[in-house]
Amino acid sequence: MEIGLLKEKFCEIYGEGEIRVFVGPARVNLIGEHTDHQGGYVFPCAISLRSACLVRIRSDNRIRIAASDLPGIVEADISDLSGYGSIPWGNYQLGVAHIMRQKGYSLYGMDMLFDETVPHGSGLSSSAAIEVATAISIATISHERVGTPINKVELAQIAQMAENEYVGMNCGIMDQFASAMGQEGQAILLRCSDLDYHYAPIQLSQMGYTLMICNTKKPRSLVTSAYNQRRGECDEAYADLKGHVNIACLAELSPAQFHENEKYIRNPVAKKRAKHVVLENARTIQAASVLKEGNIIRFGELMYASHESLRDLFEVTGEELDAMYRACVAQKGVVGARMTGAGFGGCAIAIVENEQVEAFTAGACESYKKQTGYTPAFYMAEITDGAREIYS
Ligand code: GLA
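Residues numbered from 1 in each chain as written. Predicted model: local features only at pLDDT ≥ 70, side-chain atom pairs only at ≥ 80, totals over all residues. Heavy atoms only, no water.

(A) Main features of the sheet that holds strand S11 (residues 347–353). The strand order across the open sheet formed by four strands is S10-S11-S9-S12, and the pairing between neighbours is antiparallel. Only two strands of the sheet have a single neighbouring strand rather than two, namely strand S10 (334–339) and strand S12 (377–380). Strand-to-strand, the axes of this sheet are offset by a mean angle of 20°, without reference to chain direction. By the bridge criterion, four bridges tie strand S9 (residues 209–215) to S12 in an arrangement that is antiparallel. Within S12, the residue paired with Met212 across the bridge is Met380. Sheet strands in contact with helix H11 (residues 318–329) are S9, S10, S11 and S12, and its direction is about 175° off that of S10. (Pairing = 2+ DSSP bridges. Helix = DSSP H or I, 4+ residues; strand = E, 2+ residues; numbered from the N terminus. Axes fitted to C-alpha atoms, helices over the stretch in contact; angles between N-to-C directions. Contact = heavy atoms within 4.5 Å.)

(B) How the structure looks around unusual backbone geometry. For His34, which is not a glycine, the phi torsion comes out positive at approximately 55°. Backbone geometry places Phe344, a non-glycine residue, at a positive phi of 60°. With respect to the helices and strands, the residue Phe344 is situated in the loop between S10 and S11. Judged by its relative accessible area of 15%, Phe344 falls in the buried class. (Buried < 20%, exposed > 50% of the residue type's maximum accessible area, 1.4 Å probe, protein only.)

(C) Layout of the pairing of S10. Here S10 lies mainly inside the structure; six of its six residues are buried. Where S10 lies against S11, five bridges are found, and the strand directions are antiparallel. Looking at the pairing, Val334 lines up with Val352 of S11.

(D) Looking closely at the site of the ligand. Residues in close proximity to the ligand include Arg27, Glu33, His34, Asp36, His37, Cys171, Gly172, Met174, Asp175, Tyr227, Gly341 and Ala342, which together make up its full environment. Between the ligand and the protein, one listed contact pairs an oxygen atom with a side-chain N or O atom of Arg27 at 3.1 Å. If the ligand stood free it would expose 310 Å²; the protein chains cover 96% of that surface. Among the cavities detected, the one that contains the ligand is the largest pocket. Counted by class, the shell around the ligand contains four nonpolar, four polar and four charged residues. (Near = heavy atom within 4 Å. Polar contact = N/O pair within 3.5 Å; in protein donor to acceptor, adjacent residues only side chain to side chain. Areas by Shrake-Rupley, 256 points an atom, 1.4 Å probe, with all protein chains shown as cover. 1 Å grid on protein atoms, 1.4 Å probe; cavity = no way out; pocket = protein on both sides within 12 Å on 5 of 7 lines; lining within 4 Å. Sits in = over half its atoms within 2 Å of the grid points. Nonpolar A, V, L, I, M, F, W, Y, C, P; charged D, E, K, R; others polar.)

(E) Broad picture of the side chain of His37. Within the element layout of this structure, His37 appears in the loop between strand S1 (20–29) and strand S2 (41–42). Given the relative accessible area of 8%, His37 is considered buried. Here the side chain of His37 touches His34 through a polar contact of 3.1 Å, side chain to side chain. Beyond its immediate sequence surroundings of up to four residues, His37 is in contact with Gly172, Tyr227, Arg231, Cys234 and Phe314.

(F) Structural context of the nonpolar core. One finds Ile63, Ile65, Met100, Met112, Phe177 and Leu190 to be the most contacted residues of the largest nonpolar core, which totals 47 residues. For Met100, the contacting residues outside a window of four places in its chain are Tyr105, Ala135, Ile138, Ala139, Leu155 and Ile158. (Core = buried A, V, L, I, M, F, W, Y, C linked by side-chain atoms within 4.5 Å.)

(G) Summary view of empty space enclosed by the protein. Tallied over the full model, the rule gives one cavity of 30 Å³ or more. Taken as a whole, the largest cavity holds about 30 Å³ of empty space. Considering the residues around the largest cavity, the lining is formed by Leu30, Ile202, Leu204, Leu291, Ile296, Phe299 and Ile351. (Points joined across faces, edges and corners; volume = space filled by probe spheres on them.)

In structure tokens form, the structure reads like this:
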């Protein structure tokens, strides 16, 4: 929904008065998939699809949460936010508020209205966008009233904790970090073991290319349990390896070290998962470096290899993402394509020559539809700033 209309809706629900607007963007990950939970490198950027949080401070201790696309209002008292983990919606917001309060942020009673332009369950991190929009709202207000510093890296960590502890998804830090720390026109090369990060300009359009987001529209289900299972298999591989090689996390292994030591991983499934993590981590480092040199063709080849490893070794692509991948690769002017995010449905991304974008969209749409029966959606990704207040 457009911000002006949202303000009207806010006033209909909560009455007239001052309204502040904060956003948490969605993200795409260019490469470095399923490496974050093993301490590896990721290469995401924040995009213009977003969650918006409209806020007004109340004079009592109530938090009230409304959503533009859901009926009803979720209410809670800020002095006890511990019991809301499994409510049907509003748990991301209350989880973040709860953790922020525990960490010493001043929490006030608030009326809130949330609105998302990120399609839910699309693998573009609608949940991180909601968490980060909540966190930046609370942090900004706490900062203005009692001077608590705004540290966006900490906000990303809080948002991740809310997702881990409140929602039960054992995710890494990538999504929340990209949403909090994104910068216009830049991807972030982030090492998840210690959160060391660098911005890398993405000037695709000057180089003649467009970054396309390709939504399979496959409704995702059981993502949390399948994700937690994959993460568990990686942890198992690390446990088998760490007595034999001196590493602090799985992604610290080089491909050569993996080759020497893979014999110690007892479970063959865990071995495949670990191989993906190690090779994907190496690809991510290489991808960031070839992009810096302007070698988009090599970057695209690394994207293809990433998708194939997620398909064959990590086994998180599934029928629809593989169909979308094939549909993209077959089009003229495509130099790279892969799934993005957790997998099991959701979105792929493709790098397409500017003048082929229209033909790409028509051709990939037709091919994907023929293969799966689902009607996909295509968006051009605009790389934006991360968590922020907007004034309009
Ligand atoms: C999800 C998680 C992230 C990351 C990706 C896979 O988006 O939330 O932490 O693990 O999957 O790379």
